[in-house]
Amino acid sequence: MEETIETTEGTLAPVDELTFRQALAELESIVAVLESNTLELEDSLASYERGVVLLGSLQKRLAAAEQQVEVLMGELAAAPDDETRDTTLS
């Protein structure tokens, strides 16, 4: 399941241009390659560095999504229900 996104020039796409799913897939691919111990040292370091950047981006996106869910849940909890809302015509 290798989904490394490359530009037309053959370079890796900037992390901020990847969707969450693409970034996660690329990180999983990097982990698998690093665990296979098949890369040269320099390539391993470059892959590790890319993985750290991907991980940081994914963590920020998850934190933002979590905050958004908390805000939405707060709005839902604050919405009055029919029993507490004044529905009389004035």
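All of these numbers come straight from a predicted model, not from anything done at the bench. (Residues numbered from 1 in each chain as written. Predicted model: local features only at pLDDT ≥ 70, side-chain atom pairs only at ≥ 80, totals over all residues. Heavy atoms only, no water.)

Engineer: So what exactly am I meant to see when it comes to the overall build of the chain here?
Structural biologist: What the chain contains, in helices and strands, is two helices and zero strands. Taken over 90 residues, the chain has a buried fraction of 18%. Considering only residue pairs separated by 6 or more positions, the chain has 55% of its internal contacts joining residues 24 or more positions apart. Accessible area for the chain stands at about 7,300 Å²; split by element, carbon and sulfur atoms hold 57% of it. (Helix = DSSP H or I, 4+ residues; strand = E, 2+ residues; numbered from the N terminus. Buried < 20%, exposed > 50% of the residue type's maximum accessible area, 1.4 Å probe, protein only. Contact = heavy atoms within 4.5 Å. Areas by Shrake-Rupley, 256 points an atom, 1.4 Å probe, with all protein chains shown as cover.)

Engineer: When you look at the packing of helix 1 (residues 20-36) against helix 2 (residues 41-78) in this model, what are you seeing that I'm missing?
Structural biologist: Their axes nearest at 9 Å, the elements helix 1 and helix 2 cross at an angle of 145°. You can see that helix 1 and helix 2 cross each other, and the crossing is left-handed. Between helix 1 and helix 2, the residues in contact are Phe 20, Ala 23, Leu 24, Glu 26, Leu 27, Ile 30 and Leu 34 and Ser 44, Ser 47, Tyr 48, Arg 50, Gly 51, Leu 54, Leu 55, Leu 58, Arg 61 and Leu 62, respectively. Here the contact of helix 1 with helix 2 is composed, by residue class, of eleven nonpolar, three polar and three charged. (Axes fitted to C-alpha atoms, helices over the stretch in contact; angles between N-to-C directions. Left-handed = near helix turned anticlockwise from the far one by under 90°. Nonpolar A, V, L, I, M, F, W, Y, C, P; charged D, E, K, R; others polar.)

Engineer: Quick question: what am I supposed to make of helix 1 here?
Structural biologist: Side chains of residues three or four places apart in an α-helix project in the same direction, reflecting 3.6 residues per turn. Helix length check: helix 1, at 17 residues, gives a terminal C-alpha distance of 24 Å against a target of 24 Å (1.5 Å per residue), a fit within 8%. Of the surrounding elements, those touching the buried residues of helix 1 are helix 2. The first or second residue beyond helix 1 is Asn 37, which carries a positive phi of 60°. (Expected span 1.5 Å × (residues − 1).)

Engineer: Which parts of the structure should I look at to understand the nonpolar core?
Structural biologist: In globular proteins that are soluble, nonpolar side chains generally tend to be buried together. Counting residues in hydrophobic clusters, the biggest one holds eight residues: Ala 13, Val 15, Leu 18, Ala 23, Leu 27, Ile 30, Leu 54 and Leu 58. Put simply, the parts of the chain that give this core at least two residues each are helix 1 and helix 2. Here this core takes three residues from helix 1, the largest share from any one element. When residues no more than four places from it in sequence are discounted, the contact partners of Ile 30 are Ser 47, Arg 50, Gly 51 and Leu 54. (Core = buried A, V, L, I, M, F, W, Y, C linked by side-chain atoms within 4.5 Å.)

Engineer: In this structure, what is going on with the environment of Val 33? I would like to understand it.
Structural biologist: Along the chain, the position of Val 33 falls in helix 1. Among the residues examined, Val 33 registers a relative accessible area of 29% and is labelled partly exposed. As for Val 33 and Ser 47, which are separated by 14 residues in sequence, their C-alpha atoms are 8.7 Å apart. Residues contacting Val 33, with those up to four places away along its chain left out, are Thr 38 and Leu 39.

Engineer: Honestly, helix 2 in this entry has me stumped. Any pointers?
Structural biologist: With 38 residues, helix 2 extends 55 Å between its outermost C-alpha atoms, agreeing within 8% with the 56 Å of an ideal straight helix rising 1.5 Å per residue. Every buried residue of helix 2 is accounted for by Ser 44, Arg 50, Gly 51, Leu 54, Ser 57 and Leu 58.

Everything listed here is a matter of geometry and, on its own, says nothing about what the molecule does.
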